[in-house]
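Single-letter residue listing:
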Amino acid sequence: MKITQVRTSLVAVPRSRAVADATATNMGTGGHCFVHVATDEGVEGLGMSTASRAVREVIEHDLKPLLVGADPLHIEGLWQAMFWQVRGFGRKGVAIQALSAVDIALWDLKAKYLGLPLFKLLGPCRESIPIYGSGGWTSFTQDELVEEQTGYVERGMRRVKMKVGMDFGSRTREDLSRLRAVREAVGDDVEIYIDANNGYTAKQAIGLAPRFQEYDVGWLEEPVMADDIDGLARVARAISIPVATGEHEYTKYGFKDLLVRGAADIAQPDVGRVGGITEWMKAAQLADAFNIPVASHGYQLVHLHLACATPNMLVVEVLGTVEEADRILYKEFPVPSGPDWAPDSDKLGLGLELDPATVERYGVG
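Throughout what follows, the structure given in this document is the object of discussion.

Thresholds, definitions, all that
- Residues numbered from 1 in each chain as written.
- Predicted model: local features only at pLDDT ≥ 70, side-chain atom pairs only at ≥ 80, totals over all residues.
- Heavy atoms only, no water.
- Helix = DSSP H or I, 4+ residues; strand = E, 2+ residues; numbered from the N terminus.
- Rg over C-alpha atoms; globule rule 2.2 N^0.38 Å.
- Contact = heavy atoms within 4.5 Å.
- Areas by Shrake-Rupley, 256 points an atom, 1.4 Å probe, with all protein chains shown as cover.
- Buried < 20%, exposed > 50% of the residue type's maximum accessible area, 1.4 Å probe, protein only.
- Pairing = 2+ DSSP bridges.
- Right-handed = clockwise from strand over helix to strand, strands pointing away.
- Axes fitted to C-alpha atoms, helices over the stretch in contact; angles between N-to-C directions.

**Describing the overall build of the protein**
Scanning the protein from N- to C-terminus turns up 14 helices and twelve strands. Relative to its length of 365 residues, the protein is compact, with a C-alpha radius of gyration of 20 Å against a globular reference of 21 Å. Summarising its shape, the C-alpha atoms of the protein cover approximately 60 × 40 × 40 Å along the three principal directions. The long-range fraction of contacts in the protein, counting pairs at least 24 apart against all pairs at least 6 apart in sequence, stands at 71%. Put simply, the protein shows about 14,200 Å² of open surface, and 48% of that area lies on carbon and sulfur atoms.

**As for the pairing of strand E7 (residues 217-221)**
Burial runs high along E7: five of the five residues are buried. Pairing analysis gives four bridges linking strand E6 (residues 191-195) to E7, with the strands arranged parallel. Counterpart to isoleucine 194 in the pairing with E7 is leucine 220. Tracing the backbone out of E6, into helix H8 (residues 202-213) and back to the parallel element E7 gives a crossover that is right-handed. Bridge analysis of E7 against strand E8 (residues 243-245) gives two bridges, and the strand direction is parallel. Among the inter-strand pairings, leucine 220 is bridged to a residue of E8, identified as valine 243.

**Some remarks on the sheet that holds strand E1 (residues 3-19)**
Spatial ordering of the open sheet is given by E1-E2-E3, a layout of three strands whose pairing is antiparallel. Because the sheet does not close on itself, it has two edges, and the strands there are E1 and strand E3 (44-49). Neighbour-to-neighbour, the strand axes of this sheet turn through a mean angle of 20 degrees, independent of strand direction. In the sheet, strand E2 (residues 27-39) pairs with E3 via six bridges, with the strands oriented antiparallel. For alanine 38, the partnering residue across the bridge sits in E3 and is glutamate 44. Packing against the sheet, helix H13 (residues 320-329) makes contact with E1 and E2, and its axis sits at approximately 125 degrees to E1.

See below:
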């Protein structure tokens, strides 16, 4: 079997409303840069990463020439070829996101070729996984925040996540007030995670931790700038709330630094950034060697499969804005509800099929 074609579809889906977190404002679109890998045996794989023209350009101009004519089942070899192709300009960032999309497509293709759902190909250790409802944007009013978070609970989820660190950590009183409102609304039996999106300084996060702990917070995510590994380690050593981080790390090397330096109590690899499924599994296994649990970030329809094959998996994020886009992008998918979620055992690969009408309507030239 040989790869005969690699093409991309950049699809930017407008959100029903723009959202903001501690350090990013006016995030008004969702969607992905999709990559379609076709073969001479009629099997095609679908992969995805950030909806970026730059990601698409790397796939089209730097990665595609390596792929056409290659055996798509040689996933590790193709990963290595792509990584070294972008070595000089992209060991982190856009180029690795492009590689991630291709790698996801190759795994989807392999599972379809072998007649298996992806999680079965990976070798599952479970058939379902705990999930949490995620959003809690700083752009929400307090009433909107409570409505969203209780909405997840009404769907049967026993874990939720909200944002803190408003305006780069400058409105800590509001952070605490909003957290208190959510705790009062969801009750004591629901776990609450909080995400600062890089918004605090290390000393600020350490000082706030006892106040957060009053509301029985399950983890504090990205309390400081993702590249400030020393700051993350300072926070992790100083507070009793687990520190979760890793969504902005790339490849196993980034996770090695986090783990060796004691900067993460919970590792959060993102399959669309870390280097695809190949590298996500390595990062998760590396975390397991440090007895550190994994909690995925975004890309829930891919992570659902990976989670079932990851023994140290803690929980899968169900991000509301992503779920909103998924309903538009795909013809159908397993809808998350209840405390746990399972992939569809009757669908091959990822089990995802893009809606051509959506691609036509929201495709970016």
